[in-house]
Amino acid sequence: MSDTDLAQPPQVGEALAQLRAQRQLTLDELSRRAGVSKSMLSQIERGQANPTVAVVWRLAQALGVELSTLLEGAKPNERGIEHVAAHATPGLNSPDGLAQLRILGPIELAGQFEWYELTVQPGGVLASQAHEPGSREHLSVMSGELRVTAGEHRQTVAVGETARYAVDQTHAIANASREPAVALLVVMHP
């Protein structure tokens, strides 16, 4: 171990994100199991916080792994290709239940670069609060039509079109048509 290795604490975040994804656990589920707040888990996974030994121990217990598994960090996929089955792709629903996000990007990139498949039923809205300054979304419509609102700006986006907009303000994606709409949504954080 070099002096440089000794100067840096173990990077638990990547290993935690990888193990949580393998077990198909949401942040809420792991939070309940481990007794660690959801916001703390998110910060650990994004490398914004290093947990205490007690927190790492609770996480290891909740995940059913040895403490050393989290402390040693994430292991590269030995097969060379990470495959996620359709039924194992995590998703989120809007409060109205009419918009669904399928999380296509790896959890370890959350908070940096995220991509989703977005399906919005007629009358559905995916509304969001402002993200951190400098954040942008890129919405590419694959079928149907969607209306993007970012602050005071509005734009209708049809099949084959892409809208790019700042999301460091309140923003929403709505389907005002009579047909379901499907799009790819990419979120880039500064």
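All values derive from a computational prediction rather than experimental measurement.

Kindly report on the pattern of salt bridges, identifying the contributing residues and their values.
Taken as a whole and judged by the stated rule, the model has 3 salt bridges. With a shortest N-O distance of 2.6 Å, arginine 20 and glutamate 45 are connected by a salt bridge. In this pair, arginine 20 is assigned in helix 2 (residues 12-22) and glutamate 45 in helix 4 (residues 38-45), connecting sequence segments 25 residues apart. Glutamate 117 is paired through a salt bridge with arginine 102; the nearest N and O atoms lie 3.2 Å apart. Residue glutamate 117 is located in strand 3 (residues 113-120), and its partner arginine 102 is located in strand 2 (residues 99-103); the two are separated by 15 residues in the primary sequence.

Quick one: what's the story with the sheet that holds strand 6 (residues 145-150), residue by residue and with numbers?
With antiparallel pairing, 4 strands are arranged side by side in an open sheet as 4-9-6-7. Two strands lie at the open edges of the sheet, namely strand 4 (125-128) and strand 7 (153-158), each paired on one side alone. Across the sheet, the mean angle from the axis of one strand to that of its neighbour is 15 degrees, orientation sign disregarded. As defined by bridge partners, strand 6 adjoins strand 7 across 6 bridges and the pair is classed as antiparallel. What sits directly across from valine 148, in strand 7, is glutamine 155.

Could you give me a rundown of the packing of aromatic side chains, with the residues and numbers involved?
Going through the model one piece at a time under the given rule, you end up with 1 aromatic pair. Their ring planes at 55 degrees and their centres at 5.2 Å tell us that phenylalanine 113 and tryptophan 115 sit as a pair that is tilted.

A description of helix 4 should follow, citing residues and the corresponding values.
For helix 4, the set of buried residues is Leu41, Ser42, Ile44 and Glu45. Projected down its long axis, helix 4 shows its buried positions confined to an angular sector of 160 degrees, all on one face. Glycine 47, located one to two residues past helix 4, shows a positive phi value of around 75 degrees.

How would you explain helix 3 (residues 27-34) if you had to name every residue and give the values?
Among all positions of helix 3, only Leu27, Leu30, Ser31 and Ala34 are buried. Along helix 3, the residues classed as buried sweep out an arc of 105 degrees about the axis, all on the same side. Exposed side chains of helix 3 directed beyond 90 degrees from the buried face belong to Arg32 and Arg33. The secondary structure elements touched by the buried residues of helix 3 are helix 2, helix 4 and helix 5 (53-63).

If you had to explain the confidence of the model for the chain to someone new, which residues and values would you point to?
On average, residues of the chain score 86 in pLDDT, and 92% of them are at 70 or above. Contacts from residues 1-5, a stretch scored under 50 in pLDDT, to residues over four places away or in other chains number 1 contact.

Got a sec to walk through the sheet that holds strand 3? Specific residues and values, please.
The strands that make up a sheet are held in pairs by hydrogen bonds between backbone atoms, and each pair lies either parallel or antiparallel. Spatial ordering of the open sheet is given by 1-2-3-10-5-8, a layout of 6 strands whose pairing is antiparallel. Strand pairing shows two members of the sheet lacking a second neighbour, strand 1 (91-93) and strand 8 (162-166), which therefore form its edges. Each adjacent strand pair in this sheet contributes to an overall mean axis angle of 20 degrees, direction not counted. Where strand 5 (residues 136-143) lies against strand 8, 5 bridges are found, and the strand directions are antiparallel.

What counts and how
Residues numbered from 1 in each chain as written. Predicted model: local features only at pLDDT ≥ 70, side-chain atom pairs only at ≥ 80, totals over all residues. Heavy atoms only, no water. Salt bridge = Lys/Arg side-chain N within 4 Å of Asp/Glu carboxyl O. Helix = DSSP H or I, 4+ residues; strand = E, 2+ residues; numbered from the N terminus. Pairing = 2+ DSSP bridges. Axes fitted to C-alpha atoms, helices over the stretch in contact; angles between N-to-C directions. Phe/Tyr/Trp six-rings, centres within 6.5 Å; stacked < 30°, edge-to-face > 60°. Buried < 20%, exposed > 50% of the residue type's maximum accessible area, 1.4 Å probe, protein only. Arc of directions from axis to C-beta. Contact = heavy atoms within 4.5 Å. pLDDT = per-residue confidence, 0-100.

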